[in-house]
Structures are given as structure tokens and as C-alpha cells.
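Structural description and commentary
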Amino acid sequence: SSFTDPAVSMDLLRAVLQPSINEEIRGVFNKYMKFFQKAAINVRDNVGEEVDPEQLIQETCRSCLEQAKLLFSDGKKVVPRLPHEQVVPKRARQMDEELNRRGSPVPKKRKGRPPGQSLSNDRGVSGMAAWKLKVSEPVRRDGPKWDPSRLTETTTFVLGSRANKALGMGGTRGRLYIKHPHLFKYAADPQDKHWLTEQQHMRATGGKMAYLLIEEDIRDLAASDDYRDSIDLRLEELKPFVPPAWMTEKMQKHMETLRRGGDAPPPEAPTPE
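Conventions adopted
- Residues numbered from 1 in each chain as written.
- Predicted model: local features only at pLDDT ≥ 70, side-chain atom pairs only at ≥ 80, totals over all residues.
- Heavy atoms only, no water.
- UniProt positions renumbered as here; feature names shortened; annotations may be inferred.
- Helix = DSSP H or I, 4+ residues; strand = E, 2+ residues; numbered from the N terminus.
- Areas by Shrake-Rupley, 256 points an atom, 1.4 Å probe, with all protein chains shown as cover.
- Pairing = 2+ DSSP bridges.
- Axes fitted to C-alpha atoms, helices over the stretch in contact; angles between N-to-C directions.
- Contact = heavy atoms within 4.5 Å.
- Buried < 20%, exposed > 50% of the residue type's maximum accessible area, 1.4 Å probe, protein only.
- Arc of directions from axis to C-beta.
- Parallel < 35°, antiparallel > 145°, perpendicular 65-115°, else oblique.
- Left-handed = near helix turned anticlockwise from the far one by under 90°.
- Nonpolar A, V, L, I, M, F, W, Y, C, P; charged D, E, K, R; others polar.

Within an unreviewed UniProt entry, the label attached to the protein chain reads Deoxynucleotidyltransferase terminal-interacting protein 1, and the organism entered is Anhinga rufa. The Subcellular location (unreviewed entry) field of the UniProt record for the protein chain holds the comment "Nucleus".

See below:
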């Protein structure tokens, strides 16, 4: 191919504009994120503590992007629709029309809700409010804690599930990540999980994701005003370990990518912590 190739020329333009496009897309998702979060927490409350709300939110966002491709479909390649999307119920169509008229992500009044009752009174949202998550504000990834050089061959890490238990959150992994989005976390890939399983740091059964966090960051949280006086603090649950040098090197690169504003690739195959 050459620069006279129309496809190459357009892709060069796309590459230049892509950072701005990504930022605007992120802004759109931030606008609706509170609804995804509420739904994910409700699912976790209804299904059980093994549900990872953050994973559900990420999958939903990816699904939104896939469906958005239909806006630019050439009529030949169509994104498969999920079974529940095949037939749009009448009430769903009415709600869409209502949203379009109001120009708002949710109607001001909802059937069955007592007048004056705030959306924040719904089940699960009160907990989200207590976490003080500000989805409209970008997560700051600067300062010494986001310096890849702090990760050395002697740096100790802990599993996300153990960090949640240590801070008194039980086995609810997603709660820690949503409450403290500034924390560095690394999603273990299949090679990492194989080593973690061999070293008996995690079980080989199940299908959940495995996140690694820096032990020092979790202990700093435990010493903060939010946790140090908590009767549920269980630092003995951390079970820290030192990963091999090749894994630490991957985490350094991952931290550098996030610090520069990039996104991490999704895990290849979810497994349990």
C-alpha cells in the first residue's frame, strides 16, 4: 500500500483524530456510567458476592460499542443481536420516545416510584453514594505511586480478592476497584495465572478474573482514616507474594500504559482469584 491508497490516507487521518475521539467517547460513557453501576451492584446483590460489578460494567460498555457499529453498517456486515434484543417491547419503545423528548438519560418520573423519591434511594445506590465515586472526573494516574520504577523484583503483590477481605469488604472484588479507582491493578493473563496456580496463590477452578495489586498501596489504605479504626480490618488476609521478574516487567509496562492515558487489553480468559 502507499499514501495514494484511499484506505491508507483515511486511516492516517483516523489515527490522528483517534485520541480526541476516544476522549469524547469516554465522556459519553461517563454520562451513563451511574446507571451501569447501579445495575451491576443490584446484580451482585441479587446473584451473590462472586459477581464482579466492574467486569459486568466493562462487558456492557463493550457491548454498547459493538451495537453502535450498526450506525455505520454497509448492510452486509451486521452485528449479531442478543436474544432479548430481537423484539423491542412496547414499553421499551415508549421509554425511548420519552427519553428523546426530554433529552435526558432517565425520565424525571418513573411508574411505581413515590413522588419525590430520589433515584439514589434505590437498592444498592446508597452504597455507591457512600463510595463517593465521581465518574465524571478522570482517574489521576500521576505521582510516585504511578512511577513504574517503583515496581522492582522485590515488590510484593496481593490478589484483589484478598485485598477486599483485608479491608473488610468480604469477597466483593468490584467494590474495592470502584471505591478506589486510583489504585493500580493488573489483570493477570493466562501465563500469570498458571504461575499463580502453581505457587498456590489462587485456585485453578472457576471463571473469574484475577487482579494483582501492590501490597504497599493496600496497607496505605488500611492506615487511612477510612479503614484504620474499622473492626472488619483483616490484614492477615493479604498473603503477599513476590512475582517472578518477567511478570513484574509486564506490570511495569502496564502501569506506564495506564499512566499515559492508554487502556489495557481485556484478559484473554477469565479465571478465579
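**With respect to the overall build of the protein chain**
Counting its regular elements, the protein chain contains 9 helices and 3 strands. Listed N to C, the secondary structure of the protein chain is α-α-α-α-β-α-α-β-α-β-α-α in terms of helices and strands. For the protein chain, the accessible area works out to roughly 17,500 Å², and carbon and sulfur atoms hold 54% of it.

**A few points about the sheet that holds strand β3 (residues 211-214)**
As summarised here, the arrangement of the 3 strands in space is β1-β3-β2, forming an open sheet in which the pairing is antiparallel. Two strands lie at the open edges of the sheet, namely β1 (157-159) and β2 (185-187), each paired on one side alone. In this sheet, adjacent strand axes meet at a mean angle of 30° when their direction is disregarded. Note that β2 and β3 share 3 bridges and pair antiparallel. Bridging across to β3, Y186 finds its partner in L212. Sitting on the sheet, helix α8 (residues 215-222) is in contact with β1 and β3, with an inclination near 65° to β3.

**Considering α8**
Turning to α8, its buried residues are E215, D217, I218, L221 and A222. Looking straight down α8, one finds that the buried residues subtend no more than 165° of arc, so they occupy a single side.

**Some words on the environment of V43**
Structurally, V43 is set in helix α1 (residues 6-47). With a relative accessible area of 35%, V43 lands in the partly exposed category. Spatially, the C-alpha atoms of V43 and L56 are 9.1 Å apart, while their sequence positions differ by 13 residues. Residues contacting V43, with those up to four places away along its chain left out, are G48, V51 and L56.

**Quick word on the packing of helix α7 (residues 190-198) against helix α9 (residues 245-259)**
Running from N to C, α7 and α9 point in directions that differ by 140°, and their axes come no closer than 11 Å. For the element pair α7 / α9, the angle class is oblique. Helix-helix and strand crossings are classified by hand; for α7 and α9 the assignment is left-handed. Touching Q191, D192 and W195 of α7 are W246, M247 and K250, all from α9. Split into classes, the residues belonging to the contact of α7 with α9 amount to 3 nonpolar, 1 polar and 2 charged.

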